[in-house]
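One letter stands for each residue in the lines below.
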Amino acid sequence: MRAPGKINVYLGVGAQHDDGYHTLATVFQAVSLYEDVYATPSDGFSLEVSGSVDVSDVPTDDRNLALRAAKLLAQTADVTEGVHLDIRKGVPVAGGMGGGSADAAAALVACDALWGTDLGPRGLHDLAVRLGADVPFALHGGTAVGTGRGDLLTPALARGRFDWVLVLSDQGLSTPAIYGRLDELRIHGDALADDATAVLEVPVALLQALRAGNAGELAPVMMNDLESAAVLDRPDLERALADGVQRGALAGLVSGSGPTIAFLCAGPEAARAVQEEMRATGREALHVHGPVPGARLLV
Ligand code: C5P
């Protein structure tokens, strides 16, 4: 199974609730950076992880979301068999692109096929919601508006393709820590952070730009409330954001909780040029496009 990483083209963060989660108004776009998960029958549950990105920080025990996904499905559907999961990662670890969520989505679909549990889209979606806020989107892919914790999805129309240059970081960021930092900024009335009580809504102009397939119109309305918190932790990101725009990107934003930066470009050629220029500054840069489908069969 193959499942994509994502960019949050828009990420409005509201108040925190008793369960620790924040209310979101977000727009996800699945991009052509993938997690491949191979599932083979086994007596127990086991996992190996490799990939084109640094995988040294990926847990292979029960903290791993893909393993938890397989076990949750087995438990829910009364399956007595096990599975061996072989994960090949292409999405940066702790990069704000939902790589772990993509693993979980791929593991759900893979085990559902392997065990013949046939839960269907609704059943798999319900399990995805229990695994994490970003897992349902990794199942569905494409472009979608997410509300609630980000798990209430409405597909968004997006014409054509959008070209992105991703600038990766060596060091990951912790998602809960970045949400916590944003809460602190807001409590202290820091001018960097937007007001949590502001209306949480995806701007109509952003949805129109997606529908029109118009990168030039999308660029000025992209926004991420978590960016101020991520930049506070990692001041180098601010420099990278400015560098990308100076080198021809239409706009850049921190992806999710970061530290990956996504630069929107006018088209494939412009993206290749920005990628080259960012590489020339010594940074790791990838050219991807979106939207792409959610978790699906690879072979
Ligand atoms: O659901 P997931 O495991 O991806 O979320 C990771 C963490 O991100 C949560 O534990 C929470 O701290 C934060 N989060 C949040 N509000 C959301 C989504 C995630 O506070 N809507």
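As a reminder, the structure under discussion sits directly above these lines.
In what follows, the accompanying structure is described. Each chain carries its own residue numbering, running from 1 in the direction its sequence is written. In view of the model being predicted, local features appear only for residues whose pLDDT reaches at least 70, and side-chain atom pairs are presented and counted only at 80 or more, with totals across whole chains, interfaces and linings using the full set of residues. As a rule here, side-chain values come from all non-hydrogen atoms in the structure, and water together with hydrogens is ignored.

Topic: the site of the ligand
Whether a residue is near a molecule or strand depends on its heavy atoms: if one lies within 4 Å, it is near. Taken together, the neighbourhood of the ligand is formed by Gly-20, Tyr-21, His-22, Leu-24, Gly-132, Ala-133, Arg-149, Thr-175, Pro-176 and Tyr-179. Here a nitrogen atom of the ligand and a backbone polar atom of Arg-149 are 2.9 Å apart. Both cavities and pockets are sets of points on a 1 Å grid over the protein atoms alone; in a cavity a 1.4 Å probe fits but cannot get out, in a pocket the set is open with protein on both sides within 12 Å along at least five of seven lines, and lining residues sit with an atom within 4 Å of a point. More than half of a molecule's atoms lying within 2 Å of a cavity's or pocket's grid points is what places that molecule inside it. A majority-of-atoms criterion places the ligand in the largest pocket. Comment: elements are numbered from the N terminus, with helices defined as DSSP H or I runs of at least four residues and strands as E runs of at least two. Taken together, the elements giving at least two residues each to the shell around the ligand come down to β2 (22-42) and α5 (175-187). The greatest single-element share of the shell around the ligand, amounting to three residues, is contributed by α5. In terms of residue class, the shell around the ligand is built from five nonpolar, four polar and one charged. Counting of polar contacts relies on pairs of N or O atoms within 3.5 Å, with two restrictions inside protein: one atom must be capable of donating a hydrogen and the other of accepting it, and residues adjacent in sequence are counted only when both atoms are side-chain atoms. Ten residue types, Ala, Val, Leu, Ile, Met, Phe, Trp, Tyr, Cys and Pro, are classed as nonpolar, four, Asp, Glu, Lys and Arg, as charged, and the remainder, Gly among them, as polar.

Focus on the nonpolar core
Take the buried residues of types Ala, Val, Leu, Ile, Met, Phe, Trp, Tyr and Cys, join any two whose side-chain atoms come within 4.5 Å, and each joined set is a nonpolar core. Under the scheme applied here, a residue whose accessible area is under 20% of the maximum for its type counts as buried, over 50% as exposed, and between as partly exposed, the area being computed with a 1.4 Å probe on protein chains only. Counting 34 residues, the largest nonpolar core has Leu-85, Leu-108, Cys-111, Trp-115, Leu-131, Val-135 and Leu-139 as its most contacted members. Elements that contribute at least two residues to this core include exactly α1 (65-76), β4 (82-89), α2 (99-115), α3 (120-131) and α4 (135-140). Among the elements that take part in this core, α2 stands out by supplying 10 residues, more than any other. Setting aside anything within four residues of it in sequence, one finds Trp-115 in contact with Phe-45, Ala-70, Leu-73, Ala-74, Val-79, Glu-81, Gly-82 and Val-83. Ranked by size, the runner-up nonpolar core spans 28 residues in total, among them Ala-25, Val-27, Ala-209 and Ala-219. Note on contacts: a residue pair is in contact if any heavy atoms of the two residues lie within 4.5 Å.

Some details on empty space enclosed by the protein
Grid points are joined across faces, edges and corners, and a volume is the space filled by probe spheres set on the points. This structure, assessed with the given rule, holds one cavity of 30 Å³ or more. Here the largest cavity is characterised by a volume of approximately 40 Å³. Taken together, Pro-4, Gly-5, Lys-6, Ala-30, Met-97, Gly-98, Ser-101, Ala-102, Asp-134, Phe-137 and Ala-138 make up the lining of the largest cavity. The leading source of residues in the lining of the largest cavity is strand β1 (residues 2-16), at three residues. Class assignment of the residues belonging to the lining of the largest cavity gives a composition of six nonpolar, three polar and two charged.

Notes on the sheet that holds strand β10 (residues 261-265)
The rule for pairing is simple: two strands pair if DSSP sees at least two bridges between them. If you trace the four strands from one edge of the open sheet to the other, you get β9-β10-β7-β11, paired in antiparallel fashion. Edge positions in the open sheet fall to β9 (251-254) and β11 (284-290), since each of these has one partner strand only. The average undirected angle you get between the axes of adjacent strands in this sheet is 25 degrees. Where strand β7 (residues 162-168) meets β10, five bridges bridge the pair, whose relative direction is antiparallel. Within β10, the residue paired with Leu-166 across the bridge is Ala-262. The sheet contacts of helix α9 (residues 236-246) involve β9 and β10, and relative to β10 the element is tilted by about 15 degrees. Inter-axis angles, ranging from 0 to 180 degrees, are taken between N-to-C directions of lines fitted to C-alpha atoms, where helices are fitted over the stretch in contact.

Some points on the side chain of His-84
Positionally, His-84 belongs in strand β4. At 2.7 Å, the side chain of His-84 and the side chain of Ser-46 are in polar contact. Among the polar contacts made by the side chain of His-84, one reaches the side chain of Glu-48 at a distance of 2.8 Å. Setting aside its immediate chain neighbours within four residues, His-84 contacts Tyr-38, Ala-39, Thr-40, Ser-42, Ser-46, Leu-47 and Glu-48.

Describing α3
With 12 residues, α3 should reach 16 Å at 1.5 Å per residue; the first-to-last C-alpha distance of 17 Å fits that figure. Here the buried face of α3 lies against α1, α2 and α4. In a helix, the anticipated span is given by 1.5 Å times the number of residues less one.

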